[in-house]
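So the chains spell out like this:
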There are 2 protein chains.
Amino acid sequence: MSPSTHRSSAKPSGLDCRLAVLGTDVRLTPHRREVFQVLAESTDHPTAYDVFNRVKGKSPSISLATVYNCLEHLTAGGLIKQVNVERAQSRYCANLHEHVHFHCDECGQVSDAHPKADFDPGLFWQLPAGARITRTDVAIHGVCPTCISKKA
Amino acid sequence: MSPSTHRSSAKPSGLDCRLAVLGTDVRLTPHRREVFQVLAESTDHPTAYDVFNRVKGKSPSISLATVYNCLEHLTAGGLIKQVNVERAQSRYCANLHEHVHFHCDECGQVSDAHPKADFDPGLFWQLPAGARITRTDVAIHGVCPTCISKKA
DNA sequence: TATTTGAATTAGAATGATTCTTGTTCCAAA
DNA sequence: TTTGGAACAAGAATCATTCTAATTCAAATA
């Protein structure tokens, strides 16, 4: 492998360009940039392993551990979101618009569902008295249109 | 271990008393009954390992594998519910009333939150056109009253 | 420019919850 | 009484993820 295969920055300013939408800032190293790019180009909520395989196209030497590491830092920086469904392997998502996920129980596909109206869980459920709510995870399960038409 | 330590049924009809609220029916063997009992007496959403330790009081010879097996069958029979938060180990719950869970991000405690009003996810999120919804998982995260008072 | 420092990266080992496998035990029907 | 199938136990296997230790790199400092 040539020494310049990776760690080459697109910006002349080197690696020290930090970016964070929320949370701690992240140094956008070439690997992190590639991992982010893969997610930004994906709408299918890939797993860490999926990301690994896609990034290998650009950086054949990248390791799965680095992908996990990049995903962790990008998540901490608020650049991507981790999506967990039941106990299946985590998926990742670069859609930062507020949304929840729809999971097809037939094919496993995960798709985004964007908000139509403000949602306040306190209106629907009796929460422990005095609790402070920080966030609500909503996962909608069902059968996607594709699977419905396949069965018909 | 005496041969009658377990497999002794409370009912004279032997093991063949089946029960199911929803889903496939479950043979309520003594082990399954004990696992269910432990959950029915718990409000803290124990993990499989917690259940294992509690059941060992009555059936010291039970194995963790059997506990997992019992939990699986009881879940399939709709007698208990599996509660998954992020990718942490599964917890189990014998509260069959419709409810969601509140998770304290400080102490990890999980508590039930019962419905106050009908909740229709389709009103709040734009779902894939033509999708059929089967269920919605709602997990509310925050800080429980106990942890709030500890920090004050 | 050379050195230092700390983060990024890598490969592989370790972890840990869960599932699987295999052999055994038991119940109930034949 | 025999037999078939489920329940059970013990431990191995799985597998996503995390950790470890060693290396490489980039930016700051000397």
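The rules behind each value
Residues numbered from 1 in each chain as written. Chains lettered and ligands numbered in written order. Predicted model: local features only at pLDDT ≥ 70, side-chain atom pairs only at ≥ 80, totals over all residues. Heavy atoms only, no water. Axes fitted to C-alpha atoms, helices over the stretch in contact; angles between N-to-C directions. Helix = DSSP H or I, 4+ residues; strand = E, 2+ residues; numbered from the N terminus. Parallel < 35°, antiparallel > 145°, perpendicular 65-115°, else oblique. Left-handed = near helix turned anticlockwise from the far one by under 90°. Contact = heavy atoms within 4.5 Å. Salt bridge = Lys/Arg side-chain N within 4 Å of Asp/Glu carboxyl O. Buried < 20%, exposed > 50% of the residue type's maximum accessible area, 1.4 Å probe, protein only. Arc of directions from axis to C-beta. Pairing = 2+ DSSP bridges. Least-squares fit on C-alpha atoms with pLDDT ≥ 70 in both. Phe/Tyr/Trp six-rings, centres within 6.5 Å; stacked < 30°, edge-to-face > 60°.

Colleague: Sorry, what's going on with the packing of helix H2 (residues 48–55) of chain B against helix H3 (residues 64–76) of chain B here?
Modeller: The axes of two packed helices give the description: the angle between them and the distance between them. Residue and element names in this part refer to chain B. At a minimum axis separation of 9 Å, H2 and H3 run at an interaxial angle of 115°. Viewed along their axes, H2 and H3 adopt a mutual orientation that is roughly perpendicular. The chirality of how H2 crosses H3 is right-handed. Taken together, the residues of H3 that come into contact with H2 (itself represented by Ala48, Tyr49, Val51 and Phe52) are Leu64, Val67, Tyr68 and Leu71.

Colleague: Mind showing me how you'd approach the pattern of salt bridges here?
Modeller: Pairing between side chains becomes possible if they bear opposite charge and their charged atoms approach one another. Considering all chains together, one arrives at seven salt bridges over all chains under this definition. In this structure, Arg54 of chain B engages Asp44 of chain B in a salt bridge whose closest nitrogen and oxygen atoms are separated by 2.7 Å. Here the residue Arg54 of chain B occupies a position in helix H2, and Asp44 of chain B occupies one in the loop between helix H1 (30–40) and H2, the gap between them amounting to 10 residues. Owing to a relative accessible area of 35%, Asp44 of chain B belongs among the partly exposed residues under this scheme. Where salt bridges share partners, they join Glu86 of chain A together with Arg135 and Asp137 of chain B into one cluster.

Colleague: Would you explain H2 of chain B in this entry?
Modeller: Structural remark: α-helix, 3.6 residues per turn; residues separated by three or four positions point the same way. Residues and elements named next belong to chain B. Among all positions in H2, only Ala48, Val51, Phe52 and Val55 are buried. Summarising the axial view, the buried residues of H2 lie within an arc of 105°, below the 170-degree limit, and thus occupy one face. Among the structural elements, H1, H3 and strand E4 (91–93) are those in contact with the buried residues of H2.

Colleague: Would you mind going over the side chain of Ser59 of chain B with me for this structure?
Modeller: Residue and element names in this part refer to chain B. Relative to the helices and strands, Ser59 resides in the loop between H2 and H3. We classify Ser59 as buried; its relative accessible area is 3%. Apart from residues lying up to four places away in sequence, Ser59 is in contact with His31 and Glu34.

Colleague: Is there a simple way to think about the sheet that holds strand E8 (residues 132–143) of chain B in this case?
Modeller: Pairing between sheet strands relies on hydrogen bonds along the backbone, with the strands arranged either parallel or antiparallel. Pairing within the open sheet is mixed, and its eight strands lie in the order E7(A)-E6(B)-E5(B)-E8(B)-E8(A)-E5(A)-E6(A)-E7(B). Of all strands in the sheet, those with a lone pairing partner are strand E7 (125–126) of chain A together with strand E7 (125–126) of chain B, marking the two edges.

Colleague: Looking at this structure, how should I read the relation of the copies chain A and chain B?
Modeller: Mapping between the two copies of the chain is achieved by a rotation about an axis and a shift along the axis. Note on the identical chains: chain A maps onto chain B by a rotation of 180° and an axial translation of 0.0 Å, with an RMSD of 0.1 Å. Read as a symmetry element, the transformation amounts to a two-fold axis. Considering only C-alpha atoms, the residue of chain A closest to the rotation axis is Val138 of chain A, which sits at 2.4 Å. The residues that chain A uses at the interface reappear at the interface of chain B in 100% of cases, marking a shared surface.

Colleague: Would you mind going over the environment of Ala113 of chain A with me for this structure?
Modeller: Residue placement: Ala113 of chain A occurs in strand E6 (residues 110–115). Linking Ala113 of chain A and His99 of chain A, residues 14 residues apart in sequence, is a C-alpha distance of 5.6 Å. Once you skip the residues sitting within four places of it in the chain, Ala113 of chain A turns out to touch His99 and Val100 of chain A together with Trp125, Gln126 and Leu127 of chain B.

Colleague: Looking at this structure, how should I read unusual backbone geometry?
Modeller: Glycine aside, a negative phi is what most residues show, and trans is what most peptide bonds show. All names here are of chain A. Within the chain, Glu86 stands out as a residue other than glycine whose phi angle is a positive 45°. When you line up the elements, Glu86 lands in the loop between strand E3 (81–83) and strand E4 (91–93). On the accessibility criterion, Glu86 (29% relative accessible area) is partly exposed.

Colleague: What's the story with the packing of aromatic side chains in this structure? I'm lost.
Modeller: Each pair of aromatic rings is reported with the distance of its centres and the angle of its planes. Taken as a whole and assessed by the stated rule, the structure comprises 14 aromatic pairs over all chains. Residues Phe124 of chain B and Trp125 of chain B carry aromatic rings whose centres are separated by 5.9 Å and whose planes lie at 50° to one another, so their mutual orientation is tilted. An aromatic cluster is defined as three or more aromatic residues linked by ring pairs; in this entry it consists of Phe119, Phe124 and Trp125 of chain A together with Phe119, Phe124 and Trp125 of chain B.

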